[in-house]
Amino acid sequence: MISLSTRHCWLALFVLCPALPAPTAHAQAEPPNILWIVADDLGHADVGFNGLEDFTTPHIDALAAAGTICREGYASHPFCAPTRAGLMAGRYQQRFGFYNNPKPPRHRDHDPDFGLPPEESTIAETLSEQGYRTAAIGKWHLGEAAKFHPLEHGFGDFFGFLAGWSDYYDTDLVWQRHRRDGRAEDPPAESSRQDYLTDLFTDEAVRFIREADGDRPWFLYLAYNAPHTPLQAPQRWLDRIEGIDDPRRHIYAAMVTAMDDGIGRVRAALEEAGSAKDTLVFFLSDNGGVGPVNGARNDPFRGLKGSLFEGGIRVPFVAAWPGVITAGAEYPRPVISLDLHATSLAAAGAPVPEEGDAVDLVPFLKGEEAGRPPHRALFWRTGRSFQAAARMGDTKRLHVDGTDDRFFDLGKDPEEGEGAARDPALAEHRALDEAYEAWEAELRPDRPSDASGFKIPQQYREVGLDPPEEAMDWQRRHDRREVTLEKALPK
Ligand code: CA
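Everything quoted here is computed from the prediction, not taken from an experiment. (Residues numbered from 1 in each chain as written. Predicted model: local features only at pLDDT ≥ 70, side-chain atom pairs only at ≥ 80, totals over all residues. Heavy atoms only, no water.)

**Re the coordination of the calcium ion**
Right, on to step 1. Looking at the metal site, the calcium ion is ligated by Asp40 (OD), Asp41 (OD), Cys80 (SG), Asp286 (OD), Asp286 (OD) and Asn287 (OD1), spaced 2.2 to 2.6 Å from it.
Right, on to step 2. If you look at the calcium ion, its six donor atoms make angles of 52 to 158° with each other, and the shape they trace is irregular.
Right, on to step 3. For the calcium ion, the donor residues sit on a single chain with the sequence spacing D-D-x38-C-x205-D-N. Of this pair, Asp41 sits in the loop between strand 1 (33-39) and helix 2 (58-66) while Asp286 is found in the loop between strand 9 (279-285) and helix 8 (291-294), placing the two residues 245 residues apart along the sequence. (Donors = N, O, S within 2.8 Å, 3.2 Å for Na, K, Ca; no water. Tetrahedral: all angles 85-135°; square planar, octahedral: opposite > 155°, others 65-115°. Helix = DSSP H or I, 4+ residues; strand = E, 2+ residues; numbered from the N terminus.)

In C-alpha cells form, the structure reads like this:
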C-alpha cells in the first residue's frame, strides 16, 4: 500500500504545481476524466461484440469499437458486492475479509459491521486527493450503515441505492442524493415515481458530465443495476425487442437495451461537453449472468453467477481512451476488474499501490508490453472456501468443497469439460498450487456468515453434488415467481 505521506506528497505537487506534467508513463499532458460503467449480472454473451444474436447493443459495441475489447476479462468475484469492493480498493477484496454480499437490515444474517472497511483507501479518495470531482451513481452494495456510505469513502456525490438490488419503479424507497455537505436532496423535479431506474441513473450521469467545469477532471462510477432482477422494463423498451418468445429473455433484453441506450446518451453527453477525447472509459459486468433467473447467457462458457467456472467470472470487458488505448483492437491475455483501479490511478498521475493485485493496463493495451502478461496469476475464492480458483497462463485450477480439484487447459478447453486431476509431475499444476497457497495465506479470514454466499442448485449439480437446503430454498423462491411481460410493467 502507498503511504499517506506519499499520497499527500503527490497532492501537494498537484496543488502547488498544477502546470507540472502528471507523473504518468502515458505522456498525457492532462489527467483524463475517468468513467467506469458497471453492469449487474450481465452475461458474457449478451453484448454484440461477444456474439449476441437475438437483440442488439449498438452503443456498448460503439464504445468497444472506440477502444480495446479484453477477450479474457474477469471479475474478481462471481457475485456482486465482493467484486465492487475489489474495484473500490484496487486489491483482492479477500485481503480485507470481503467474501460475501452484505445482507440488508431485515435479513437474519445482517451484520451492521460488514461493509467496505472505512480504513480501505478507495479510488474516490485517491482521485479526490488528485483534484478530481467524483460521483457514484447507481448500486452501492458495500454496506448500508452510515460509516460505509459512498460519501464516507471519498465520493463527492452519490445518487443511487445502498442495497444489493432495487425495484426499478418504486424508486422513492431507494432515492438518495447526498452531497458532501450532508444535505440530502429530494428527487430532481423532472423525475417521478414512474421513471425507470435505469433512465434515472443515465439522467444523473449526463447531468454530472454536463456540470463539468473544465478546470478539474472528474471520476464517475456509474453502476447500473441492470440487468439484475427484478425483471422489469417499461412498455417502450419491451416493444423494442422482437422475436424472443421466452418472456424472461424478452424482459432481460429490454433491460439491457435500456442500459445500452443510456450508455449511448452518456457517450453523447461526453461528445457535447467536448470531453470524449479526454476520458478513459471502462465497461464491464460485475459477474456472470444468472440465466435461470434473469435470462442472461454466458456462452460459450460453463457456469453462471456464483460459480467459479468461466461463466461466473468471465465478463464483457472494454477499455477506451482516445489516442492512448488502441481503438478497434482486442487484447487476448487475462485481465481482472481490479485493474480498473490501477489503470485509473496511473492515468490520473497518482501512485499505483505496489501490492500488485491491480495492474495499470495501458502499456499492455497500447501494445508496449507484448512479451508478458499483465498478471503472473489470477485468483478467486468464495466465502468459507466453498469454491476457489486460480489461473496461470492457460491453466486453471478449480476447487469445489466436497469434490476433487480439477485442472483445465483454457486454451484447448475454454468450455471447461472434464478437466484433469492433479498431476504432481506437471510443473503447471505444481506452480498453480504453490501460487494459490501463497495467495490464500495472505488473506484475512472470512466471517462466520460467509458460509451463506450466493448458492443455487445448478452450481452443485454441475459438479456432481447434492444442493444444500439453502440452495433449494433459493430455487423454490424463484420458481414461485411467474414471469410475464405484464409483470414487467409499472404497477
Ligand atoms: Ca451482480
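**Comments concerning a positive patch on the surface**
Right, on to step 1. Taken together, the side chains of Arg108, Arg477, Arg480 and Arg481 define a basic patch exposed on the protein surface.
Right, on to step 2. Residue classification places Arg108 among the exposed positions, given a relative accessible area of 75%. (Patch = residues over 30% accessible without salt bridge, like charges linked within 9 Å, V, L, I, M, F, W, Y side chains within 5 Å. Areas by Shrake-Rupley, 256 points an atom, 1.4 Å probe, with all protein chains shown as cover. Salt bridge = Lys/Arg side-chain N within 4 Å of Asp/Glu carboxyl O. Lys, Arg positive; Asp, Glu negative; His and termini not counted. Charge placed at Lys NZ, Arg CZ, Asp CG, Glu CD. Buried < 20%, exposed > 50% of the residue type's maximum accessible area, 1.4 Å probe, protein only.)

**Thoughts on the pattern of salt bridges**
Right, on to step 1. For the structure on display, the rule yields 37 salt bridges.
Right, on to step 2. In this structure, Arg71 and Glu330 form a salt bridge, with 2.9 Å as the shortest nitrogen-oxygen distance. On the criterion of sequence distance, the pair formed by Arg71 in the loop between strand 2 (68-70) and strand 3 (73-74) and Glu330 in strand 11 (residues 329-331) is long-range, its members being 259 residues apart.
Right, on to step 3. Here Arg71 falls in the partly exposed class, since its relative accessible area comes to 26%.
Right, on to step 4. When its relative accessible area of 49% is taken as the criterion, Glu330 is described as partly exposed.
Right, on to step 5. Among the salt bridges present, the one from Arg95 reaches Asp357, with a minimum N-O distance of 2.6 Å.

**Here we look at the environment of Leu338**
Right, on to step 1. Looking at where Leu338 falls in the secondary structure, it is placed in the loop between strand 12 (335-336) and helix 10 (339-348).
Right, on to step 2. On the accessibility criterion, Leu338 (0% relative accessible area) is buried.
Right, on to step 3. Separated by 250 residues in sequence, Leu338 and Met88 have C-alpha atoms that sit 8.3 Å apart.
Right, on to step 4. Dropping the residues within four chain positions of it, Leu338 is found in contact with Ser76, Gly86, Leu87, Gly90, Arg91, Tyr92, Gln93, Asp357 and Ala358. (Contact = heavy atoms within 4.5 Å.)

**A few points about the confidence of the model for the chain**
Right, on to step 1. For the chain, the average pLDDT comes to 90, and 89% of its residues sit at 70 or higher.
Right, on to step 2. Considering only residues more than four positions removed or in separate chains, one finds that residues 1-25, a stretch of pLDDT under 50, has 27 contacts. (pLDDT = per-residue confidence, 0-100.)

**Focus: unusual backbone geometry**
Trans peptide bonds make up most of the peptide bonds, and negative phi angles are found at most residues other than glycine.
Right, on to step 1. With an omega dihedral of -5°, the bond running from Ala226 to Pro227 counts as a cis peptide bond.
Right, on to step 2. Inspection of the secondary structure assignment puts Pro227 in the loop between strand 8 (218-223) and helix 6 (235-238).
Right, on to step 3. Omega for the bond connecting Thr229 with Pro230 falls within 30 degrees of zero, at 5°, which places this linkage in the cis form.
Right, on to step 4. By the secondary structure assignment, Pro230 is in the loop between strand 8 and helix 6.
Right, on to step 5. Positive phi outside glycine occurs at Glu416, with the angle close to 50°.

**Details of the pairing of strand 13 (residues 378-381)**
Successive side chains on a regular strand alternate, one facing one side of the sheet and the next facing the other.
Right, on to step 1. Of the two faces of strand 13, the one lined by Leu378 and Trp380 and the one lined by Phe379 and Arg381 are each fully buried.
Right, on to step 2. In the sheet, strand 13 pairs with strand 14 (residues 387-392) via four bridges, with the strands oriented antiparallel. Paired with Trp380 across the two strands is Ala389, which belongs to strand 14.
Right, on to step 3. The turn linking strand 13 back onto strand 14 is made up of five residues, and Arg384 within it adopts a positive phi angle of 55°. (Pairing = 2+ DSSP bridges.)

**Digging into the nonpolar core**
Right, on to step 1. By size, the foremost hydrophobic cluster in this structure holds 56 residues, and its most contacted members are Leu35, Leu220, Leu222 and Phe283.
Right, on to step 2. Residues Ala75, Ala223, Leu284 and Ala348 belong to the second largest nonpolar core, which totals 49 residues. (Core = buried A, V, L, I, M, F, W, Y, C linked by side-chain atoms within 4.5 Å.)

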